[in-house]
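Close look at the chain arrangement
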Amino acid sequence: MKDKSTAGILALFLGGLGVHKFYLGRTGQGFLYLIFCWTFIPLFISFIEAIIYFTQSKYAFDKKYNYNEIQNSQFNIYSKSEVDFTPLNVID
């Protein structure tokens, strides 16, 4: 399972090269960051993403990046009775 602290640290220090995207399994986005790293645009974007990773809840991070691992785990930390994995309506 991917950890939000690890993703945040990778985004903060190596985000300009897209290392955090490769870690999170988003290889296409990782290659885009790598291709455009000379423009420093991915560096600024990854700084914002690091802040997002550090401030979002563990549940929201797991829902977005660890969904398959949670569903396939035999030791499911989120039992189906207590957590609903339907999309959240953030804006009403």
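See the structure above.
A brief report on the enclosed structure follows. Here the structure is a predicted model, which means the values were calculated and not measured.

What counts and what doesn't
Residues numbered from 1 in each chain as written. Predicted model: local features only at pLDDT ≥ 70, side-chain atom pairs only at ≥ 80, totals over all residues. Heavy atoms only, no water. Helix = DSSP H or I, 4+ residues; strand = E, 2+ residues; numbered from the N terminus. Buried < 20%, exposed > 50% of the residue type's maximum accessible area, 1.4 Å probe, protein only. Contact = heavy atoms within 4.5 Å. Areas by Shrake-Rupley, 256 points an atom, 1.4 Å probe, with all protein chains shown as cover. Salt bridge = Lys/Arg side-chain N within 4 Å of Asp/Glu carboxyl O. Arc of directions from axis to C-beta. Phe/Tyr/Trp six-rings, centres within 6.5 Å; stacked < 30°, edge-to-face > 60°. Expected span 1.5 Å × (residues − 1).

Turning our attention to the overall build of the chain. Looking only at helices and strands, the chain features 6 helices and 0 strands. Secondary structure elements of the chain, listed N to C terminal, follow the sequence α-α-α-α-α-α. Relative to its 92 residues, the chain shows a buried fraction of 32%. Contacts in the chain between residues at least 24 apart in sequence constitute 50% of all its contacts with a sequence separation of at least 6. With the model as given, the accessible surface of the chain reaches about 6400 Å², and the carbon-plus-sulfur share is 67%.

Considering all chains together, one arrives at 2 salt bridges under this definition. Here lysine 21 makes a salt bridge to glutamate 49, at a shortest N to O gap of 3.0 Å. Of this pair, lysine 21 sits in helix H2 (residues 19-23) while glutamate 49 sits in helix H4 (residues 41-55), and the two are 28 residues apart along the sequence. Judged by its relative accessible area of 14%, glutamate 49 is buried.

For the rest of this paragraph, the subject is the environment of threonine 27. Topologically, threonine 27 is positioned in helix H3 (residues 27-35). Judged by its relative accessible area of 44%, threonine 27 falls in the partly exposed class. Each residue touching threonine 27, except ones within four places of it in the same chain, is listed here: Lys21 and Phe22.

Those residues of helix H1 (residues 4-14) that sit buried are Lys4, Ala7, Gly8, Leu10 and Ala11. Looking straight down H1, one finds its buried side chains confined to an arc of 165°; they lie on one side. At its buried positions, H1 is contacted by H2, H4 and helix H5 (58-65).

Here we come to the packing of aromatic side chains. Per the counting criterion, the structure on display carries 4 aromatic pairs. Consider the rings of phenylalanine 22 and phenylalanine 31, whose centres lie 5.2 Å apart with planes at 85°: the pair is edge-to-face. Between the aromatic rings of tyrosine 53 and phenylalanine 61, the centroid separation amounts to 6.2 Å while the plane-to-plane angle is 85°, which identifies the pairing as edge-to-face. Taken together, the aromatic side chains of Tyr53, Phe61 and Tyr65 make up a single cluster linked through ring pairs.

This next bit is on H4. Compared with the 21 Å implied by 1.5 Å per residue over 15 residues, the 22 Å span of H4 between its first and last C-alpha is a close match. Looking at the buried residues of H4, the elements they touch are H1, H2, H3 and H5.

Glancing now at the environment of phenylalanine 22. Here phenylalanine 22 lies in helix H2. For the pair phenylalanine 22 and alanine 7, spaced 15 residues apart in sequence, the C-alpha separation works out to 9.8 Å.

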